[in-house]
Amino acid sequence: MSKTTIPTGGITADAINGTLLADDAINSEHYTDGSIDTAHIGDSQVTAAKATGVGNFVKIGTVATDNSNVSALTIDNCFSSTYDLYRIVGYHSVTSGGAHNYFRWRTGGGSGSSYTTGDYQWITHGKFNSSAGSGDYFNGNNSSDHGRVASDIRSDSDSVLVTFDLLVSDPNTNVVGRANVTGVSCVRQNTNSRWVTHHLGITNGANVNATGFEMAVSTGNINYGRVTVYGLVQA
């Protein structure tokens, strides 16, 4: 095997170029940890797959519809023993004015089914404003077949949406026996075109062991919407 002699003066700047290095000759064990600065990482070179787990929230799944009627926005197989706290963010419109949002758990993994047992307990509480006046808003049910993120949603193609940001505790009941949902939402309602913003809470009277969830509506369909779920890394 031939040897290369390094001159006494050392190696000058830019003396080693691509023609002197075999393909794949420098591997990861020849890099010092933390030695690659951002100036030497090209644009778009770090893919989403390589960035998974960076930060506290890990994206698990997204479902969307764009001017196409669907009965629900559903994400199955997103809850597991990997995380015990999740964040759900999104929005959707309705095709039928006065429709309510129905939040329901899904069970059964990848081929999940909707949990419609009448043990959901939910509250939405906040404020409204409209041309007819403003005031407090409260709605709730202690024995329902769904939780609720918003009620009485106005329909106006893609111009009226319910938008929500939810925190979900241990839906797969790995640590505790009951899941809780808390968060905020805002919506244009059908009644007097009221603008409503509220805090919400959802729980159940039984251990569901949910593996997924859905955003459905009481009547009509969802024609625009996007929902994303993240797992929260707490370690």
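Residue positions are counted from 1 within each chain, in the order its sequence is given. It should be noted that, the model being predicted, local features are given only for residues of pLDDT at least 70 and side-chain atom pairs only at 80 or more, the latter also being counted only at that level, while totals for whole chains, interfaces and linings use all residues. Derived side-chain values reflect all non-hydrogen atoms in the structure, with water molecules and hydrogen atoms excluded from consideration.

Our next topic: the pairing of strand S9 (residues 180-188). Here S9 shows a clear split, with Val181, Gly183, Ser185 and Val187 buried on one side and none of Asn180, Thr182, Val184, Cys186 and Arg188 buried on the other. Pairing of strand S8 (residues 162-169) with S9, which is carried by eight bridges, proceeds in the antiparallel orientation. Of the residues in S9, the one forming a bridge with threonine 163 is cysteine 186. Of the strand pairs in this sheet, S9 and strand S10 (residues 195-204) are connected by nine bridges, and their pairing is antiparallel. Only protein chains enter the accessibility calculation, which uses a 1.4 Å probe; a residue is then buried when its area is under 20% of its type maximum, exposed when over 50%, and partly exposed in between. Counting from the N terminus, the helices are DSSP H or I runs at least four residues long and the strands are E runs at least two residues long. A pair of strands is labelled paired if DSSP reports no fewer than 2 bridges between them.

So, on to the sheet that holds strand S2 (residues 72-75). Two modes of strand pairing occur in sheets, parallel and antiparallel, and in both the strands are linked by backbone hydrogen bonds. The strand order across the open sheet formed by four strands is S2-S11-S4-S5, and the pairing between neighbours is antiparallel. Each having just a single partner strand, S2 and strand S5 (113-114) make up the two edges of the open sheet. In this sheet, strand S11 (residues 212-217) lies alongside S2 in antiparallel orientation, the contact comprising four bridges. Following the sheet pairing, threonine 74 is matched in S11 by glutamate 214.

Let us look at the sheet that holds strand S7 (residues 133-144). The antiparallel open sheet is built from eight strands, whose spatial order is S1-S12-S3-S8-S9-S10-S6-S7. Edge strands, defined here as strands with exactly one partner in the open sheet, are strand S1 (57-70) and S7. Between one strand and the next, the sheet's axes are offset by a mean angle of 10°, whatever the strand orientation. Judged from the 10 bridges that link them, strand S6 (residues 120-130) and S7 form a sheet pairing that is antiparallel. Between N-to-C directions, angles span 0 to 180 degrees; the directions come from axes that are lines fitted to C-alpha atoms, helices contributing only their stretch in contact.

By salt bridge we mean one thing: a side-chain nitrogen of Lys or Arg within 4 Å of a carboxyl oxygen of Asp or Glu. Applying the stated criterion across every chain yields a total of five salt bridges. Across the salt bridge formed by arginine 87 and aspartate 165, the nearest N and O atoms sit 2.6 Å from each other. Of the two residues, arginine 87 is situated in strand S3 (residues 85-92) and aspartate 165 in strand S8; the sequence distance between them amounts to 78 residues. A salt bridge links aspartate 145 to arginine 104; the shortest N-O distance between them is 3.4 Å. On the criterion of sequence distance, the pair formed by aspartate 145 in the loop between S7 and S8 and arginine 104 in strand S4 (residues 101-107) is long-range, its members being 41 residues apart. Look at aspartate 145 and you get partly exposed, because its relative accessible area is 31%. Because the salt bridges share partners, they merge into one network encompassing Asp76, Arg106 and Glu214.

When two rings of Phe, Tyr or Trp (its six-membered ring) have centres within 6.5 Å they constitute a pair, described as stacked for plane angles under 30 degrees, edge-to-face for angles over 60, and tilted for the intermediate range. All told, the structure shown has eight aromatic pairs when counted by the stated rule. Measuring from centroid to centroid gives 6.3 Å for phenylalanine 57 and tyrosine 230, while their planes differ by 75°, and the two rings are edge-to-face. Of this pair, phenylalanine 57 sits in strand S1 while tyrosine 230 is found in strand S12 (residues 222-232), placing the two residues 173 residues apart along the sequence. Using a relative accessible area of 25% as the deciding quantity, one classes tyrosine 230 as partly exposed. Here the aromatic cluster, defined as three or more aromatic residues joined through ring pairs, consists of Phe79, Tyr83, Tyr86, Phe103, Trp105 and Phe213. Looking at arginine 87, its charged tip hangs above the ring of phenylalanine 57, at a distance of 5.4 Å from the centre. Here, over-ring charges are defined by two tests on the NZ atom of lysine or the CZ atom of arginine: distance to the ring centre within 6 Å, and angle to the ring normal within 35 degrees.

This part takes up the side chain of serine 144. With respect to the helices, strands and loops of the structure, serine 144 is situated in strand S7. In protein, a polar contact requires one atom able to donate a hydrogen and another able to accept it; more generally it is a pair of N or O atoms within 3.5 Å, and residues adjacent in sequence count only if both atoms are side-chain atoms. At 3.1 Å, the side chain of serine 144 and the backbone oxygen of histidine 146 are in polar contact. The contact rule is simple, with two residues in contact once any of their heavy atoms fall within 4.5 Å. Residues within four places of serine 144 in sequence aside, it is in contact with Thr117, Gly118, Asp119, Tyr120 and Trp122.

Before going further, it helps to examine the nonpolar core. Side chains of a nonpolar character, in soluble globular proteins, are inclined to be buried together. Nine residue types can take part in a nonpolar core, namely buried Ala, Val, Leu, Ile, Met, Phe, Trp, Tyr and Cys, and a core is a set of them joined through side-chain atoms within 4.5 Å. If you look at the biggest cluster of nonpolar residues, it comprises 39 residues, and the most contacted ones within it are Phe79, Ile88, Phe103, Trp105, Leu166 and Phe213. Residue contributions to this core peak at four residues, all from S8. With sequence-adjacent residues up to four places away left out, phenylalanine 103 is seen in contact with Ile88, Tyr120, His146, Gly147, Val149, Leu166, Val181, Ile202, Phe213, Glu214 and Met215.

Adjacent in sequence and paired antiparallel, S6 and S7 are bridged by two residues. As defined by bridge partners, S6 adjoins S10 across 10 bridges and the pair is classed as antiparallel. Bridge pairing links tryptophan 122 to isoleucine 202 in S10.

Further remarks concern the side chain of threonine 173. With respect to the helices and strands, the residue threonine 173 is situated in the loop between S8 and S9. With residues up to four places along the chain from it excluded, the contact list for threonine 173 reads Arg178, Asn207 and Asn209.

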